[in-house]
Amino acid sequence: MRIVTIPCLSDNYAYLLIDDADRAVVVDPSEAPPVEAAIEREGVTLSAIWLTHHHWDHVGGIEALCDAHGELEVLGSAYDLDKGRIPRQTRGLREGDGLSFAGHDVSLLEIPGHTLGAIAYIIDGCVFSGDTLFIAGCGRVFEGDMPMMQRSLAKLRELPGETRIYCGHEYTQGNLKFAAAIEPGSAAIEARAKWAASVRDQGEPTMGAKLADELDTNPFLRWDAPEVIESAKERGASDDAGSIFGAIRTAKDKF
Ligand SMILES: [Zn+2]
């Protein structure tokens, strides 16, 4: 399976997943034109659209893509299907549902918090995490609460360290600035900030980063690291993981 990262809007990413027969799935098409350009460039046939959640900057291209490509499978969570808030959705997914693409089984995780219908798709050692897990950060908690979001991130943290992360936005450099404020003096965070700067200077996305690197540097996956606990307690957190996570997330909202 090949993955093509497609920059959309100002800092969003959509992704084309392409199998050996040049069939493609698009993840989170926030707008149609750059996705159409990638389909054309890669010479592939679009067969399905996978959504991580219902926000406009992830679903905005669905209508135009469905109009242009005919019968497409449009997958999102069962929650979002019930709410009717993803255009043209044909199937509602729950954790544990079976799905496959390009000869790979796809695992689904329900990861509520950013929205109550947020899901992640895991295929071929890659996770499409939407706005829940970012590289070096996480999304805002809009519909759930802090402990819920922390439990969702805990599910993602359990994936193998080699898992590659493909998320909804290029926020990596800003996230690493915040990470450095939470853990001053962290050599791992400093090294990653240099890496991100050199990747972005070349105009490339930071997507495809390894989960193992997140575990050392992403404050939103480090609620049990002494440095992060200390930082959270200075901000009023109690001992439990949800409270520690919540204090850090609230600090990021104001950063
Ligand atoms: Zn979102």
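These numbers were taken from a predicted model, which means no experiment stands behind them.

Chemist: Mind laying out the overall build of the protein chain, listing which residues take part and the relevant values?
Modeler: Scanning the protein chain from terminus to terminus reveals 10 helices and 15 strands. What you see for the protein chain is a C-alpha radius of gyration of 18 Å, in line with the 18 Å of a compact globule of 255 residues. Along the first, second and third principal axes, the C-alpha set of the protein chain runs to 55 × 40 × 30 Å. When contacts within the protein chain are restricted to residue pairs at least 6 apart in sequence, long-range pairs at least 24 apart make up 59% of them. Working note: accessible area of the protein chain is about 10,800 Å², and carbon and sulfur atoms make up 47% of it. Charged side chains in the protein chain number 24 positive and 41 negative. The centres of these two groups are separated by 4 Å.

Chemist: So, the sheet that holds strand β10 (residues 119–123): which residues are in play, and what are the values?
Modeler: What holds strands together in a sheet is hydrogen bonding between their backbones, with the strands either parallel or antiparallel. The 5 strands lie next to each other as β9-β10-β11-β14-β15, forming an open sheet whose pairing is mixed. The open sheet has two edge strands, β9 (107–110) and β15 (209–210), and neither has a second partner. Strand contacts of helix α5 (residues 146–157): β9, β10 and β11 (126–130), with the helix running at about 155 degrees to β9, the strand carrying the most contacts.

Chemist: Lay out the coordination of the zinc ion in plain terms, naming residues and giving numbers.
Modeler: By definition of the ideal shapes, a tetrahedral metal site with four donors has angles of 109.5 degrees and an octahedral site with six donors has angles of 90 or 180 degrees. At the metal site, the zinc ion is ligated by H53 (NE2), H55 (ND1), H114 (NE2) and D131 (OD), and these contacts range over 2.2 to 2.3 Å. Considering all 4 donor atoms around the zinc ion, the spread of angles at the metal, 90 to 165 degrees, places the coordination shape in the irregular class.

Chemist: Can you break down unusual backbone geometry residue by residue, with the values?
Modeler: The backbone of D22 shows a phi angle near 60 degrees, a positive value even though the residue is not glycine. Its location among the elements puts D22 in the loop between β2 (12–18) and β3 (23–27). A relative accessible area of 34% means that D22 is categorised as partly exposed. Notably, R88 is not glycine yet its phi reads approximately 60 degrees, a positive angle. Relative to the elements of secondary structure, R88 occurs in the loop between α4 (78–83) and β6 (91–93).

Chemist: Got a sec to walk through the packing of helix α6 (residues 172–182) against helix α10 (residues 241–253)? Specific residues and values, please.
Modeler: Running from N to C, α6 and α10 cross one another at 125 degrees; their axes reach a closest spacing of 11 Å. Relative to α10, α6 is oriented oblique. α10 is crossed by α6, and the crossing has right-handed handedness. Where α6 approaches α10, its residues N175, F178 and I182 are matched on the opposing element by I248, A251 and K252. Of the residues belonging to the contact of α6 with α10, the class tally is 4 nonpolar, 1 polar and 1 charged.

Chemist: Lay out the nonpolar core in plain terms, naming residues and giving numbers.
Modeler: Core analysis: the biggest nonpolar cluster contains 53 residues, and L17, W50, Y121, F128, L153 and L156 have the highest contact counts within it. Discounting residues that sit within four places of it in the chain, L153 has contacts with T132, L133, C138, F220, L221, W223 and F245. Core analysis: the second largest hydrophobic core is formed by 23 residues, A14, L51, C66 and I86 among them.

Chemist: Got a sec to walk through the pairing of strand β14 (residues 164–167)? Specific residues and values, please.
Modeler: Two elements, β11 and β14, share 4 bridges in a ladder whose sense is parallel. Within the sheet, the bridge partner assigned to F128 lies in β14 and is Y166. Where β14 and β15 come together, 2 bridges link them in antiparallel fashion. Residue I165 lies in a different strand from β15, and its bridge partner there is A209.

Chemist: An account of the packing of α5 against α10 is needed here, citing residue identities and associated values.
Modeler: Where α5 meets α10, the axes come as close as 8 Å, and the angle between the chain directions of the two elements is 100 degrees. With respect to each other, α5 and α10 are oriented roughly perpendicular. When α5 is examined against α10, the residues M146, P147, M149, Q150 and L153 are found in contact with a partner set consisting of A241, G242, F245, G246, R249 and T250. A breakdown of the residues in the contact of α5 with α10 according to their chemical character gives 6 nonpolar, 4 polar and 1 charged.

Chemist: So what's going on with the environment of G130? Which residues, and what values?
Modeler: For G130, the position within the fold is in strand β11. Take G130: its relative accessible area is 3%, and that puts it in the buried class. Apart from the residues lying within four places of it in its own chain, the contact partners of G130 are D28, T52, Y166, C167 and G168.

Basis of the calculations
- Residues numbered from 1 in each chain as written.
- Predicted model: local features only at pLDDT ≥ 70, side-chain atom pairs only at ≥ 80, totals over all residues.
- Heavy atoms only, no water.
- Helix = DSSP H or I, 4+ residues; strand = E, 2+ residues; numbered from the N terminus.
- Rg over C-alpha atoms; globule rule 2.2 N^0.38 Å.
- Contact = heavy atoms within 4.5 Å.
- Areas by Shrake-Rupley, 256 points an atom, 1.4 Å probe, with all protein chains shown as cover.
- Lys, Arg positive; Asp, Glu negative; His and termini not counted.
- Charge placed at Lys NZ, Arg CZ, Asp CG, Glu CD.
- Pairing = 2+ DSSP bridges.
- Axes fitted to C-alpha atoms, helices over the stretch in contact; angles between N-to-C directions.
- Donors = N, O, S within 2.8 Å, 3.2 Å for Na, K, Ca; no water.
- Tetrahedral: all angles 85-135°; square planar, octahedral: opposite > 155°, others 65-115°.
- Buried < 20%, exposed > 50% of the residue type's maximum accessible area, 1.4 Å probe, protein only.
- Parallel < 35°, antiparallel > 145°, perpendicular 65-115°, else oblique.
- Left-handed = near helix turned anticlockwise from the far one by under 90°.
- Nonpolar A, V, L, I, M, F, W, Y, C, P; charged D, E, K, R; others polar.
- Core = buried A, V, L, I, M, F, W, Y, C linked by side-chain atoms within 4.5 Å.

Keep in mind that these numbers describe shape and distance, not what the molecule does.
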